[in-house]
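If you want the building blocks of each chain, they are given just below.
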Amino acid sequence: MQAFKLSAGDVFPELTVSDLNGGDINLGEPDAPNDWKLVIVYRGKHCPLCTKYLTQLNEFTDKLAELKVDLVAVSADPIEKVKDQMAGINPTYKVGYGLSIEQMRSLGLYISDPRSPEETDRPFAEPGLFLINEKGNVQLTDISNAPFARPDLETLVGGIGFIRSNDYPIRGTHQS
């Protein structure tokens, strides 16, 4: 089976998830006054590396706001697991939950099955991130098939600043 890959420059798909604080989040649409959006897909409560990454993400919300980049983290976990995990993280950004397998596929994410019922009780997305520009296109993407490979947040946010201040083009769009 050929897997779908959301590529740099593609229009980010119309995806809505539930917001931890109530209501819905359109993953591809930034909230004003921001005009770009950073979507961080994480594995879920069962992943200690995700908890560490999401905690570190708190350190970068102000810098992202200065860059006019809206931020959301999202997983396939149900609200109960997300509430429990976020109680220890105290996120300074939006958190979505309930990402469906169909939504994961539309983003081209790797999807894993739990190794045991103790790990989790449903298929989940491996880490991914998408920076969506003001035109709704994927400016930057990083998709991993394991929790150990994800961008360093300081380097990522510094790179976003470089992209924004230098009108840096979308890279990786060469077609043979």
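Residues numbered from 1 in each chain as written. Predicted model: local features only at pLDDT ≥ 70, side-chain atom pairs only at ≥ 80, totals over all residues. Heavy atoms only, no water.

Draft legend 1. Molecular detail of the overall build of the protein chain. When you go through the protein chain residue by residue, the secondary structure sums to 5 helices and 9 strands. Put simply, the protein chain runs from its N terminus to its C terminus through helices and strands in the order β-β-β-α-α-β-α-β-α-β-β-β-β-α. Taken over the C-alpha trace, the protein chain has a radius of gyration of 15 Å; the compact-globule value for 176 residues is 16 Å, and the two agree within 12%. Here the C-alpha coordinates of the protein chain stretch approximately 45 × 40 × 30 Å along the principal axes. Among the 176 residues that make up the protein chain, the fraction classed as buried is 48%. Counted over contacts in the protein chain with a minimum sequence separation of 6, partners at least 24 positions apart contribute 65%. (Helix = DSSP H or I, 4+ residues; strand = E, 2+ residues; numbered from the N terminus. Rg over C-alpha atoms; globule rule 2.2 N^0.38 Å. Buried < 20%, exposed > 50% of the residue type's maximum accessible area, 1.4 Å probe, protein only. Contact = heavy atoms within 4.5 Å.)

Draft legend 2. Looking closely at the sheet that holds strand β8 (residues 128-132). Spatial strand order, β2-β1-β5-β4-β3-β8-β9: 7 strands in an open sheet with mixed pairing. Strand pairing shows two members of the sheet lacking a second neighbour, β2 (24-26) and β9 (138-143), which therefore form its edges. In this sheet, neighbouring strand axes are inclined to one another by 30 degrees on average, regardless of whether the strands run parallel or antiparallel. Pairing geometry for strand β4 (residues 69-74) and strand β5 (residues 94-97), over 3 bridges, is parallel. Across the sheet, Val72 pairs through a bridge with Lys94, a residue of β5. Relative to strand β3 (residues 36-41), helix α5 (residues 153-165) is tilted by about 155 degrees, and along the sheet it contacts β3, β4, β8 and β9. (Pairing = 2+ DSSP bridges. Axes fitted to C-alpha atoms, helices over the stretch in contact; angles between N-to-C directions.)

Draft legend 3. Quick peek at the environment of Asn21. Counting through the fold element by element, Asn21 comes out in the loop between β1 (16-19) and β2. In this structure the C-alpha to C-alpha distance between Asn21 and Lys83, which are 62 residues apart in sequence, comes to 9.6 Å.

Draft legend 4. Representation of the packing of aromatic side chains in the model. Scanning the entire structure with this criterion turns up 2 aromatic pairs. Seen in terms of ring centroids, Phe162 and Tyr168 are 5.4 Å apart; in terms of plane orientation they differ by 65 degrees. Their pairing is edge-to-face. Overall, the relative accessible area of 44% leaves Phe162 in the partly exposed class. A cation over a ring is seen here: Arg150 above Tyr53, with NZ or CZ 5.1 Å from the ring centre. (Phe/Tyr/Trp six-rings, centres within 6.5 Å; stacked < 30°, edge-to-face > 60°. Lys NZ or Arg CZ within 6 Å of the ring centre and 35° of its normal.)

Draft legend 5. Representation of the pattern of salt bridges in the model. On inspection of all chains with the given rule, the structure shows 7 salt bridges. Residues Lys94 and Asp70 are paired through a salt bridge, measuring 3.8 Å at the closest nitrogen-oxygen approach. With Lys94 in strand β5 and Asp70 in strand β4, this residue pair connects regions lying 24 residues apart in the sequence. With relative accessibility at 8%, the residue Asp70 sits in the buried group. Look at the salt bridges and you will find they share partners, linking Asp31, Lys37, Asp70 and Lys94 into a network. (Salt bridge = Lys/Arg side-chain N within 4 Å of Asp/Glu carboxyl O.)

Draft legend 6. Just helix α3 (residues 79-89), in detail. The set of residues buried in α3 consists of Val82, Gln85, Met86 and Ile89. The arc enclosing the buried residues of α3, seen along the axis, measures out at 95 degrees, which places them on a common side. In α3, the exposed positions angled more than 90 degrees off the buried face are occupied by Glu80, Lys83, Ala87 and Gly88. Where α3 terminates, the next one or two residues include Asn90, which has phi positive at roughly 50 degrees. (Arc of directions from axis to C-beta.)

Draft legend 7. Examining the side chain of Asp77 more closely. One can find Asp77 in the loop between β4 and α3. For the buried residue Asp77, which engages in no salt bridge, the nearest side chain bearing the opposite charge is Lys81, 4.8 Å off. A polar atom in the side chain of Asp77 sits 2.6 Å from the backbone nitrogen of Lys45. Filtering out sequence-adjacent residues up to four positions away, Asp77 remains in contact with Gly44, Lys45, Val82, Gln85, Tyr97, Gly98 and Thr120. (Lys, Arg positive; Asp, Glu negative; His and termini not counted. Polar contact = N/O pair within 3.5 Å; in protein donor to acceptor, adjacent residues only side chain to side chain.)

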